[in-house]
Amino acid sequence: MTILWIWLVFFWGGYCVKLSGNYSLGYYFVYGHFGTPGQIQTLILDTGSSLTLTVCKGCENCGKHSYPPFDPMASSTFVELEANRTFAITYAEGSSYNGRLFSDVLKLEGQKSGNRGVLGCVKKESGAVRVQPAEGILGLGVSALFAHNNMRPFAICLGHNGGEASFAGWNQHLHSGPQRFINSTPKLFSRQYGVELRAFSIAGRRIVLPPEPGESMIPFFDTGSTVVYFSRPVYDALAEGLSRFCASAFRNCAGHKKFAPCLTSPKVASRSFLSTFPNINLHFNGTSLTWKPQDFFYRSADDQYCVLWEEGEQTVLGAPLMRNLDVLFDPQNFRLGIANARCSGLELHGQFMPKTYPSWVRPRPSTVLASRNSPFWVDRLDFFSEH
């Protein structure tokens, strides 16, 4: 199987990219080289965004990031697009990116040669994005303006510390379980990697979910969201199911009779607390996905255990749901593949639960204006633990 995968890498011209970052940092990123000669930038991996962008020299009110801003005038391959095409991304709490679209070469670490495509040159930052270490975003959305893989399947494997993105399809030597597929449709894949979330199962009890009211509310997978958002009906159904479980036995939910987003705990080890909660099974069209307590809880600064989901306008299946899974994004066949996997050789050991939030945590954007239709945001939070 490994030999077949290596053959596909060379036959397709595909490549693998090692991911840096972790849940304590709040995101995963890759190193990208913009222009000729290449200027290094750090880019947050984001399947919820269709635009790859980075901060440019002369950026107004920009913060200090990991590397100097990209200097378009120092690139011999830089081309400014006609008609002064611009973009704007505004977040609900006030942060924003504004800039111009341009064409240049981008080469990711692990890639033999770069690709030319349409990119975003950030000319103004405001709010929390100014203190974010990463310079930009690697947009891998369905309608991505920069075609990293010409719409061939690519896979993302998020570990506790680091991971891998494979632009040659699945890297099957990482897998520790069978491959399954979540089936979608061209309609659901028109703007995002949309799927049909049909039901939850909690401790053997199945909770059927109502259909979402309209195309703009379809659940989708997004590596750039550090929490999972559930629409109001889905959020309420999950909370009610967990409350039933908590009330069904004294030992359930560490003695709490009703589920709440944050729970206090007796002074016991994290492993003991987590063992009193059930797995949550999410049922899609084609297969199911098991979400474990060590993946959906984090420990807050005041020593409460809080869940890594929130109520939102739309269901967004973020990074907590993809932990230690190799997720295949297959836009040609309108499906997502999932397989349990060893996503990092640098995994954190033991029951580690960070207690601090990065300062760039922020909610979803209220306004997105660009030459693309998909919504975009990058939420930040902390995760914990090893299986």
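Residues numbered from 1 in each chain as written. Predicted model: local features only at pLDDT ≥ 70, side-chain atom pairs only at ≥ 80, totals over all residues. Heavy atoms only, no water.

A. Representation of the overall build of the protein chain within the structure. Along the protein chain, the regular secondary structure elements total four helices and 26 strands. Each of the 387 residues in the protein chain was classed as buried or not, and the buried ones make up 57%. Sequence separation of at least 24 residues holds for 73% of the intrachain contacts in the protein chain that already meet a minimum separation of 6. Working note: accessible area of the protein chain is about 15800 Å², and carbon and sulfur atoms make up 55% of it. (Helix = DSSP H or I, 4+ residues; strand = E, 2+ residues; numbered from the N terminus. Buried < 20%, exposed > 50% of the residue type's maximum accessible area, 1.4 Å probe, protein only. Contact = heavy atoms within 4.5 Å. Areas by Shrake-Rupley, 256 points an atom, 1.4 Å probe, with all protein chains shown as cover.)

B. Structural view of the sheet that holds strand β18 (residues 280-284). Overall, antiparallel pairing links the four strands, which are arranged β14-β13-β18-β19 in an open sheet. Either end of the sheet is taken by a strand with one partner, and the two such strands are β14 (205-208) and β19 (288-291). The average angle at which neighbouring strand axes cross in this sheet is 25°, direction not considered. Bridge count for β18 against β19 is four bridges, and the pairing is antiparallel. (Pairing = 2+ DSSP bridges. Axes fitted to C-alpha atoms, helices over the stretch in contact; angles between N-to-C directions.)

C. Broad picture of the pairing of strand β24 (residues 325-330). When you tally the buried positions in β24, you get six out of six residues, the bulk of the element. Burial of the side chains of β24 extends over both faces: Leu325, Val327 and Phe329 are buried on one face and Asp326, Leu328 and Asp330 on the other. As defined by bridge partners, strand β10 (residues 154-158) adjoins β24 across four bridges and the pair is classed as antiparallel. In the sheet register, cysteine 157 faces β24, and the bridge partner there is aspartate 326. Sheet topology places β24 next to strand β25 (residues 335-340); six bridges connect them, and they run antiparallel. Directly across from aspartate 330, in β25, lies its bridge partner arginine 335. Following β24, the chain reverses through four residues before pairing antiparallel with β25; phenylalanine 334 in that reversal takes a positive phi of roughly 55°.

D. View of the state of the cysteines. The final tally for this structure, using the stated rule, is five disulfides. Between cysteine 56 and cysteine 121 runs a disulfide, and the two sulfur atoms are separated by 2.0 Å. With cysteine 56 in strand β4 (residues 53-60) and cysteine 121 in strand β8 (residues 115-126), the pair connects residues that are 65 residues apart, well separated along the chain. Taking relative accessible area as the criterion, cysteine 56 reaches 0% and is therefore assigned buried. Note on cysteine 121: relative accessible area 8%, which makes it buried. (Disulfide = S-S within 2.5 Å.)

E. Focus on the nonpolar core. Within the largest apolar cluster, 68 residues are counted, with the highest numbers of intra-cluster contacts made by Phe200, Phe221, Phe230 and Trp309. The biggest single contributor to this core is helix α2 (residues 232-248), with seven residues. With sequence-adjacent residues up to four places away left out, tryptophan 309 is seen in contact with Val228, Phe230, Tyr235, Leu238, Leu242, Phe259, Ile280, Trp291 and Phe296. Counting 17 residues, the second largest nonpolar core, distinct from the first, contains Cys59, Tyr97, Val118 and Val129. (Core = buried A, V, L, I, M, F, W, Y, C linked by side-chain atoms within 4.5 Å.)

F. Local environment of the packing of aromatic side chains. Applying the stated criterion across every chain, the model contains 26 aromatic pairs. When the ring of tyrosine 193 is compared with that of phenylalanine 329, the centres are 4.9 Å apart and the planes differ by 65°; the resulting orientation is edge-to-face. Of this pair, tyrosine 193 sits in the loop between β12 (180-183) and β13 (197-202) while phenylalanine 329 sits in strand β24, placing them 136 residues apart in sequence. Like tyrosine 193, the residue phenylalanine 329 is buried in the burial classification. Summarising the aromatic geometry, the rings of phenylalanine 273 and phenylalanine 277 are spaced 5.0 Å apart at their centres and angled 45° between planes, so their arrangement reads as tilted. (Phe/Tyr/Trp six-rings, centres within 6.5 Å; stacked < 30°, edge-to-face > 60°.)

G. Representation of the environment of serine 96. Within the secondary structure, serine 96 sits in strand β7 (residues 96-108). Residue classification places serine 96 among the buried residues on the basis of a relative accessible area of 9%. Along the sequence, serine 96 and glutamate 125 sit 29 residues apart, while their C-alpha atoms lie 5.7 Å from each other. Polar contacts involving the side chain of serine 96 include one to the side chain of serine 126, which spans 2.6 Å. (Polar contact = N/O pair within 3.5 Å; in protein donor to acceptor, adjacent residues only side chain to side chain.)

H. Region of interest: the sheet that holds strand β20 (residues 297-299). Pairing is antiparallel across the open sheet formed by three strands, whose spatial order is β17-β21-β20. Edge positions in the sheet fall to β17 (262-263) and β20, since each of these pairs with one other strand and no more. Sheet topology note: the β20/strand β21 (residues 305-307) ladder contains three bridges and is antiparallel. Considered in β21, the bridge of tyrosine 298 is made with cysteine 306.

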